[in-house]
Amino acid sequence: MEIEEGNFYYFIIDKIFDLAGTNYYVLNSEFDKKYLMPTKFYSEYNFKINDKIKCKIDRINCNGKVFLEPECPIYSIGDIDVFTLLETEERLTHKSKDKYLVVKTINEKTKKAIIVINQNSKDYSLGEKWSCEIIKIKKGEMYLKMISKV
């Protein structure tokens, strides 16, 4: 069976494996291939050995490395919830190393949610509570769109 970017497949967590100081889930696919997925991004997901998880094939690079994004057990894209704006953080894009600004947020369900700040962002102050929509989930982090102040 040939996997394709953008499709979802089921995997069983076989074990946790340390490779050069980084822990990975060893995932057995439904078509009898093994894949590695870093554990550090998915601590809030509470995965355990023998769990059956659904993952999207996020990307396959030119060397054939497969990047998986497990289905989030906390939120789905399009969900709306209230988040508290904590602090701003400057980040760099992966390829071009361009700088961009995010606001880190939390609520009772997750500590891994951000709002990417751009020209269309609403006026806000840290410490405020905002109703936000989940627009993307990548590496276990929720990307939010601000809707309205609560």
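Refer to the structure above for everything that follows.
Residues numbered from 1 in each chain as written. Predicted model: local features only at pLDDT ≥ 70, side-chain atom pairs only at ≥ 80, totals over all residues. Heavy atoms only, no water.

Let us now look at the overall build of the protein chain. Secondary structure assignment for the protein chain yields zero helices and 10 strands. Out of the 150 residues in the protein chain, the part that is buried amounts to 34%. Considering only contacts in the protein chain between residues 6 or more positions apart, those separated by 24 or more positions represent 48%. Accessible surface, the protein chain as shown: approximately 9,500 Å² in total, 49% of it carbon and sulfur. The positive charge centre, built from 25 side chains, and the negative charge centre, built from 23, are 2 Å apart in the protein chain. (Helix = DSSP H or I, 4+ residues; strand = E, 2+ residues; numbered from the N terminus. Buried < 20%, exposed > 50% of the residue type's maximum accessible area, 1.4 Å probe, protein only. Contact = heavy atoms within 4.5 Å. Areas by Shrake-Rupley, 256 points an atom, 1.4 Å probe, with all protein chains shown as cover. Lys, Arg positive; Asp, Glu negative; His and termini not counted. Charge placed at Lys NZ, Arg CZ, Asp CG, Glu CD.)

It is worth spelling out a positive patch on the surface at this point. A cluster of basic side chains, namely Lys40, Arg59, Lys65, Lys95 and Lys139, defines a positive patch on the protein surface. Here Lys95 is to be found in the loop between strand E6 (80–92) and strand E7 (99–106). Overall, the relative accessible area of 78% leaves Lys95 in the exposed class. (Patch = residues over 30% accessible without salt bridge, like charges linked within 9 Å, V, L, I, M, F, W, Y side chains within 5 Å. Salt bridge = Lys/Arg side-chain N within 4 Å of Asp/Glu carboxyl O.)

Time to look at the environment of Val103. On the secondary structure map, Val103 appears in strand E7. Residue classification places Val103 among the buried residues on the basis of a relative accessible area of 1%. Between the C-alpha atoms of Val103 and Ile115, which are 12 residues apart in sequence, the distance is 5.1 Å.

What follows covers the sheet that holds strand E2 (residues 22–29). A sheet is described by the order of its strands in space; here five strands give the open sequence E3-E2-E1-E4-E5, paired in antiparallel fashion. Only two strands of the sheet have a single partner each, and these edge strands are strand E3 (34–38) and strand E5 (66–70). Recorded for the sheet is a direction-independent mean angle of 50° between the axes of neighbouring strands. (Pairing = 2+ DSSP bridges. Axes fitted to C-alpha atoms, helices over the stretch in contact; angles between N-to-C directions.)

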